[in-house]
Amino acid sequence: FQIKMAQHASQLLPSVILLLGLVIYTVSQRGAEEQFKTKPNFIIILADDIGWGDLDVNQPEKQTNNTPNLNQMAQQGLRLTDFHSPASTCSPSRAAILTGRYGLRNGVTHNFAVNSVAGLPLSEVTLPQLLQQAGYYTAIVGKWHLGHNGPYGPNNRGFDYFLGIPYSNDMGCTDRPGYDLPPCFPCVSSEPQVIRQRRSVHGGCYSKVGLPLVENGSIVEQPLDLRALTEKYKSAALRIIHGARARAQPYLLFVTSAHMHVPLAPTVANSSGDGVYAASLRELDGLVGAIKAAADETDKGNTLIWFTGDNGPWEQKCEFAGSGGSAKQTTWEGGHRVPTVVYWPGRIPANTTSSAVLSGMDIFSTVLSMAGIAPPSDRHYDGIDATNILLHGEHSGHEFLFHPNSGAAGKFGDLQTVRAGKHKAFYITGGPEACNGGTGQVQLHDPPLIFDLEHEEAEETPLQFDTPDYRAIAWRVAHKRDELLWDIATDRSVSSADYSQDELAAPCCDRTKAVCRCHTVC
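A quick note: this is a predicted structure, and the numbers were derived from the prediction, not measured. (Residues numbered from 1 in each chain as written. Predicted model: local features only at pLDDT ≥ 70, side-chain atom pairs only at ≥ 80, totals over all residues. Heavy atoms only, no water.)

Some thoughts on the packing of aromatic side chains
Given two aromatic rings, one states the distance between the centres and the angle between the planes to describe the pair. Inspection of every chain in the model, using the stated rule, returns 10 aromatic pairs. Here Trp144 and Phe159 contribute two aromatic rings whose centre-to-centre distance is 6.1 Å and whose plane-to-plane angle is 85 degrees, an arrangement assigned as edge-to-face. Residue Trp144 is located in the loop between β4 (137-142) and β5 (161-164), and its partner Phe159 is located in the loop between β4 and β5; the two are separated by 15 residues in the primary sequence. According to the relative accessible area criterion, Trp144 is buried, its value standing at 2%. Residue class for Phe159 comes out buried when judged on its relative accessible area of 1%. A connected cluster of aromatic rings, assembled from ring pairs, spans Trp144, Phe159 and Phe254. A cation sits over an aromatic face here: Arg247 above Tyr137, 4.6 Å from the ring centre. (Phe/Tyr/Trp six-rings, centres within 6.5 Å; stacked < 30°, edge-to-face > 60°. Helix = DSSP H or I, 4+ residues; strand = E, 2+ residues; numbered from the N terminus. Buried < 20%, exposed > 50% of the residue type's maximum accessible area, 1.4 Å probe, protein only. Lys NZ or Arg CZ within 6 Å of the ring centre and 35° of its normal.)

And the structure:
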């Protein structure tokens, strides 16, 4: 009997194993599908050259109404009042946001040019690459500025879709120039007055290559129409949101608007500088509002929207530059403290504010954490996971945050400024050009200048060197700075960017025509 039972059991065993395997497979598949459906969507909106004070709710005493949609988003979400761009110019800031690493690690320490042959080093791993590998649909709409040739373009750095400009909107001529200071002129004109003016135009104007609009590696318009750009960006963004919803696929949408970078080109504006800037700000706010409405309509409880800036105002542009804010009037703090609002209904408490010291580099670790993705372990990161600050009201941000030089005094990438709690230390000052054309004298500080931002927001009166408070803070800052510099010096994952240039590297739709002119249907 026992032998017969054993034989019977042995005959049933393969069927049981097969059935058990099918059950396990079905459960795992259902679990994966449920996880896929509940993976959050991420919309990162990065404004260009925006001032901390441009957001109405950051300066309620001014009683302006230029950002009603962002104001509402702040009321329904979280406003971060001490949030900083990773650098004070475009390429370094964007590289740090997408890699979670300082420029001294990722190799991008200053801006790439129209003729740049390369871009963000290929050894760097980007946020969209990691999300794409995890099943996300990834798209960027707007400015790239991390390399536009071959493997350096956005479609080869983790983005499934790209519509936008390869670099800043002032790095090419247009037929209808926007507002800039000094003004630039149209791409090509045979009118005598334009020819005379072109001879004396300032070096910041580009006349050889038209500003291109690129879609997935192909130029679709050159030169583009600045005044039609916002509408094209909005249409693309809404199409991406609705398309991902129809596929039940989680998505990353990175909207990198041309606002508030010169040339400003609002569709409606009066001729005064203030009116032009305010109109541009309202246009940006309208774009944010349209994107938020689409996200709410399609997947409201499962979509995080993070609005911030790549750096502060370009003060040299005077009336066409933003506001650093009443408490941030200096070039120093205003160059990297940016307006930031994070919105996720049902997850982020409404109408809350945090003064935690955070950086654009933190977007990398925070988004990956929320998506349940572990970053590669073969490299060092400088951003932190701010999930508990966003979702649970914690206030412990960076104990120390370093602000690199990306275009002012000193060497590109140098960690010249250190934030330590309420204190800020400077090892070098001077360099950037102000609205009046003046340039601060470059000065090295050893020991460093240290300001108490709680009591000295204008950064005009530093702490006295001979006080116990100064000595204690200076020691902590120097120790942490030396520690970080040694960590970077011994980091085997450090990359080096190629900043070489070649005229043939410039995006050109048709080299047989002036300014590479061509127009196709976009």
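Once you've had a look at it, read on.
Thoughts on the pairing of strand β14 (residues 415-420)
In terms of residue burial, β14 counts as a mostly covered element, since six of its six residues are buried. Relative to β14, strand β13 (residues 400-404) runs antiparallel, the two sharing five bridges. Bridge assignment links His403 to a residue of β14, and that residue is Thr417. Here four bridges tie β14 to strand β15 (residues 423-429), and the two strands are oriented antiparallel to one another. Residue pairing in the sheet places Thr417 in a bridge with Phe426 of β15. Where β14 folds back on β15, the antiparallel hairpin that results is connected by two residues, among which Gly421 adopts a positive phi of roughly 65 degrees. (Pairing = 2+ DSSP bridges.)

Comments concerning the state of the cysteines
Put plainly, two cysteines are in a disulfide when a covalent bond ties their sulfur atoms together. Across all of its chains, the model carries four disulfides by this definition. Two residues share a disulfide in this structure: Cys173 and Cys187, whose sulfurs sit 2.2 Å from each other. Given an S-S torsion of about 105 degrees, the disulfide between Cys173 and Cys187 has right-handed geometry. Note that Cys173 is positioned in the loop between β5 and α6 (192-199) and Cys187 in the loop between β5 and α6, a separation of 14 residues in sequence. We classify Cys173 as buried; its relative accessible area is 3%. The buried category is assigned to Cys187, whose relative accessible area is 3%. Paired by a disulfide, Cys508 and Cys516 hold their sulfur atoms 2.0 Å apart. Here Cys508 and Cys516 share a disulfide; its torsion about the S-S bond, -105 degrees, makes the bridge left-handed. (Disulfide = S-S within 2.5 Å.)

Points about the sheet that holds strand β11 (residues 352-354)
The strand order across the open sheet formed by 11 strands is β11-β2-β10-β9-β1-β8-β4-β5-β6-β7-β17, and the pairing between neighbours is mixed. At either end of the open sheet lies a strand with only one pairing partner, and these are β11 and β17 (518-519). Bridging between strand β1 (residues 41-47) and strand β9 (residues 303-309) involves seven bridges; their strand directions are parallel. From the neighbouring strand, Ile43 faces β9, where its bridge partner is Ile305.

Let's talk about the environment of Pro212
Looking at where Pro212 falls in the secondary structure, it is placed in the loop between α6 and β6 (213-215). Overall, Pro212 belongs to the buried group, its relative accessible area being 0%. Once the C-alpha coordinates of Pro212 and Ile165 are considered, the two residues, 47 residues apart in sequence, prove to be 6.2 Å apart. Once residues lying within four places of it in the same chain are set aside, the contact partners of Pro212 are Gly164, Ile165, Pro166, Tyr167, Ile219, Glu221, Gln222, Leu224 and Pro507. (Contact = heavy atoms within 4.5 Å.)

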